[in-house]
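Fold and contact review
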Amino acid sequence: MFGQTVHMRLRAARARQVDLWTQTSSGCACAGAGAGADGACACCVRDGAWPCGDVAPTRCAQCGLEQYCANMCNITIDSRVLRTKSGKSFGQIKSPSIEGPGACSYFLQPDAGQRVEIQLYRLVSVGRFNGTR
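Cut-offs and rules
Residues numbered from 1 in each chain as written. Predicted model: local features only at pLDDT ≥ 70, side-chain atom pairs only at ≥ 80, totals over all residues. Heavy atoms only, no water. Buried < 20%, exposed > 50% of the residue type's maximum accessible area, 1.4 Å probe, protein only. Helix = DSSP H or I, 4+ residues; strand = E, 2+ residues; numbered from the N terminus. Arc of directions from axis to C-beta. Contact = heavy atoms within 4.5 Å. Polar contact = N/O pair within 3.5 Å; in protein donor to acceptor, adjacent residues only side chain to side chain. Core = buried A, V, L, I, M, F, W, Y, C linked by side-chain atoms within 4.5 Å. Salt bridge = Lys/Arg side-chain N within 4 Å of Asp/Glu carboxyl O. pLDDT = per-residue confidence, 0-100. Disulfide = S-S within 2.5 Å.

Before going further, it helps to spend a moment on helix H1 (residues 79–86). Of all the residues in H1, the buried ones are Ser79, Leu82 and Ser86. Down the axis of H1, the smallest arc covering the buried residues is 65°, so these residues share one side. In this fold, the buried residues of H1 make contact with strand E4 (60–62), strand E5 (75–78) and strand E6 (106–109). Its side-chain oxygen placed 2.9 Å from the backbone nitrogen of Arg80, Asp78 serves as the N-cap of H1. Where H1 ends, the next residue or the one after it, Gly87, has phi of about 80°, a positive value.

All right, on to the side chain of Ser86 then. The topology assignment puts Ser86 in helix H1. Overall, the relative accessible area of 9% leaves Ser86 in the buried class. A distance of 3.3 Å separates a polar side-chain atom of Ser86 from the backbone nitrogen of Lys88. Each residue touching Ser86, except ones within four places of it in the same chain, is listed here: Gly48, Gln62 and Cys63.

Counting residues in each nonpolar core, the largest one holds seven residues, listed as Leu20, Trp21, Ala42, Val45, Ala49, Cys60 and Phe90. Contact partners of Trp21, with chain neighbours within four places excluded, come to Cys44, Val45, Asp47, Gly48, Ala49, Cys60, Ala61, Gln62, Lys88, Phe90 and Gln92.

It is worth spelling out the environment of Asp19 at this point. In this structure, Asp19 sits in the segment before strand E1 (22–29). When the C-alpha positions of Asp19 and Val45 are compared, they lie 9.4 Å apart, and in sequence the two are 26 residues distant. A distance of 2.7 Å separates the side chain of Asp19 from the backbone nitrogen of Thr22, its partner in a polar contact.

Here we come to the pattern of salt bridges. As enumerated under the stated definition, the model contains three salt bridges in all. Note that Arg115 and Glu117 form a salt bridge whose closest N and O atoms lie 2.8 Å from each other. Given the relative accessible area of 48%, Arg115 is considered partly exposed.

For the chain, the mean per-residue pLDDT works out to 75, and 70% of the residues sit at or above 70. Low pLDDT (under 50) marks residues 1–12, which in the prediction has 16 contacts with non-local residues, meaning those over four places away or in another chain.

In this section: the state of the cysteines. As enumerated under the stated definition, the model contains four disulfides in all. A sulfur-sulfur separation of 2.0 Å characterises the disulfide bridge that pairs Cys44 with Cys60. The disulfide joining Cys44 to Cys60 has a torsion of about -90° about its S-S bond and is therefore left-handed. Placement of Cys44 in strand E2 (residues 40–44) and of Cys60 in strand E4 is noted, with a sequence separation of 16 residues between them. Note on Cys60: relative accessible area 0%, which makes it buried. Disulfide pairing is shown between Cys73 and Cys104; the S-S distance is 1.8 Å.

With that settled, the discussion passes to the environment of Glu117. Secondary-structure assignment places Glu117 in the segment after E6. Once the C-alpha coordinates of Glu117 and Phe90 are considered, the two residues, 27 residues apart in sequence, prove to be 9.1 Å apart. A distance of 2.8 Å separates the side chain of Glu117 from the side chain of Arg115, its partner in a polar contact.

Laid out in structure tokens, this is it:
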């Protein structure tokens, strides 16, 4: 259908939730050496999320994109992989940490009958980018 606009809410479901996939930045038991100072890792939302582990112990990622926990730059998002692993047909890319001039590429691969839609929000917040000034 042409002319139809569908909006999906990609923000955290609860006000205190860290992001779409991370319930809290600590408080859950860790598997392996990825524990923070308190011996706990991030708590992930129940459906479709996976802990980042050693590379980012305070964060969870969408199942199917967990290999990009440390660097969300130059990646492919395949809707078939995401649906298989997380049950979702959409992916969320977090702003990569880049210093100096740089560029990232993203390949968005929809399944047959799907379309690609990109939503950008809060790229720069009060003089900060990627948590730095």
